Amino acid sequence: MIITFDSLEILLSRIVRAVDKTIAEDIPQERREKDLETKNYLAHIRGDYLNNNLRRLVAIEGIELHPFRRYGWEGRILIDRENKITIGVTTQANLQVIPRKKDRNCPNYMQTLLRILNGDLESPTTQLSFLPPASQFAPEVYEDDFDSIMAGVLDPNSGFRHCIVAYTADHDEISDIAFYLLNGDFEIVEKHDLRGYIQPDFSRLTASSNHSETTTASTQNVRSLVKLKKKPGIKPTLKSFEEENEA
């Protein structure tokens, strides 16, 4: 085992909590508060909530959250200097798409970190792979990109490894989450299931029940108003109610 997984238990449990809070709490709350006709923005704002949760829940007790910018996009990388690892958090789908995309003008930041920090690692079996293309860029391109990403806070020759926590979300829940150590070709060197770190939160069930009761009560109120509309003497009051809710 290249990574001492047991020493990462507390750190990984906090990362899972940050992802879980984002998926199961923050995004549902965002949808309820905005209540927009379409919600295309949620695909982007999820990353913002996740980075915020990484700052609040994970970047403590010696764990750093390193900011970097890629054109108009801002990213974050966790740095654990005691265990000499960096950790990126992404979706399982994104992790599979990154090495397959062949028309890049520059490396994805994960490609660069894996190439520089894990380039000497070999996969125990070639079957455990995300089927990457051959290296698309010259070594000096990866080196320059690494310097741009890390901005001098990490020496590429200091023995650090880059790791990835990748998750899949389904209906406001984490359906899969795992810890990966990949080599420079995106082949799996180590993989550890993290679903056991997901802690059930019974307060969510209560909140969901309360939301359902509120929705039911609102529906019943509307139905009552419709019935009242048929009775004489009630129509002017009902019209006032309708005007107030047109906006």
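Only a predicted model underlies this, so the values are computations on that prediction, with no experimental measurement involved.

Draft legend 1. Focus on the sheet that holds strand S3 (residues 85–91). The strand order across the open sheet built from 6 strands is S1-S2-S3-S4-S5-S6, with neighbouring strands paired in mixed fashion. With partners counted over all chains shown, the strands left at the sheet margins are strand S1 (63–70) and strand S6 (188–193), one partner each. For this sheet the average axis-to-axis angle between neighbouring strands, irrespective of direction, equals 30°. Strand direction decides the pairing type here: strand S2 (residues 73–80) and S3, joined by 3 bridges, are antiparallel. Counterpart to isoleucine 79 in the pairing with S3 is threonine 86. On the sheet, helix H1 (residues 9–34) packs against S1, S2, S3, strand S4 (161–169) and strand S5 (174–182) and is oriented at approximately 140° with respect to S5. Across the sheet, helix H5 (residues 139–150) is in contact with S1 and S2; its angle to S1 comes to roughly 120°.

Draft legend 2. Geometry of the pairing of S5. Most of S5 sits inside the fold, with 7 of its 9 residues counted as buried. Taken together, the 7 bridges between S4 and S5 define a ladder with antiparallel strand orientation. Counted as the bridge partner of isoleucine 164 is tyrosine 180 from S5. Counting the residues that bridge the hairpin from S4 to S5 gives 4 residues, and of these histidine 171 lies at a positive phi of roughly 55°. The antiparallel pairing of S5 with S6 creates a hairpin that spans 5 residues between the two strands, and phenylalanine 186 there sits at a positive phi of about 65°.

Draft legend 3. Representation of the packing of helix H4 (residues 109–117) against H5 in the model. In contact at an axis separation of 9 Å, H4 and H5 are set at 110° when each is read in the N-to-C sense. Put simply, H4 runs roughly perpendicular to H5. Crossing geometry of H4 relative to H5 is assigned as left-handed. Contacts between H4 and H5 involve Tyr109, Gln111, Thr112, Leu113, Arg115, Ile116 and Leu117 from the former and Tyr142, Glu143, Asp145, Phe146, Ile149 and Met150 from the latter. When its residues are assigned to classes, the contact of H4 with H5 shows 8 nonpolar, 2 polar and 3 charged.

Draft legend 4. Representation of helix H2 (residues 42–58) within the structure. Under the 1.5 Å per step criterion, the end-to-end length of H2 is 23 Å for 17 residues, consistent within 8% with the ideal 24 Å. Among the residues of H2, Leu42, Ile45, Leu50, Asn51, Asn53, Leu54 and Val58 are the ones counted as buried. Here the buried face of H2 lies against H1, S1, S2, S3 and S4.

Draft legend 5. Structural context of the layout of surface pockets. Volume-wise, the largest pocket comes out at about 900 Å³. Forming the boundary of the largest pocket are 29 residues, of which Trp73, Glu74, Thr90, Asn94 and Tyr109 lie nearest the centre. Counting residues per element, the ones that place at least two in the lining of the largest pocket are H2, S1, S2, S3, helix H3 (92–97) and H4. If one sorts the elements of the lining of the largest pocket by residue count, H2 sits on top with 8 residues. In the lining of the largest pocket, the residues fall into 14 nonpolar, 9 polar and 6 charged.

So, how was this worked out
Residues numbered from 1 in each chain as written. Predicted model: local features only at pLDDT ≥ 70, side-chain atom pairs only at ≥ 80, totals over all residues. Heavy atoms only, no water. Pairing = 2+ DSSP bridges. Helix = DSSP H or I, 4+ residues; strand = E, 2+ residues; numbered from the N terminus. Axes fitted to C-alpha atoms, helices over the stretch in contact; angles between N-to-C directions. Contact = heavy atoms within 4.5 Å. Buried < 20%, exposed > 50% of the residue type's maximum accessible area, 1.4 Å probe, protein only. Parallel < 35°, antiparallel > 145°, perpendicular 65-115°, else oblique. Left-handed = near helix turned anticlockwise from the far one by under 90°. Nonpolar A, V, L, I, M, F, W, Y, C, P; charged D, E, K, R; others polar. Expected span 1.5 Å × (residues − 1). 1 Å grid on protein atoms, 1.4 Å probe; cavity = no way out; pocket = protein on both sides within 12 Å on 5 of 7 lines; lining within 4 Å. Points joined across faces, edges and corners; volume = space filled by probe spheres on them.

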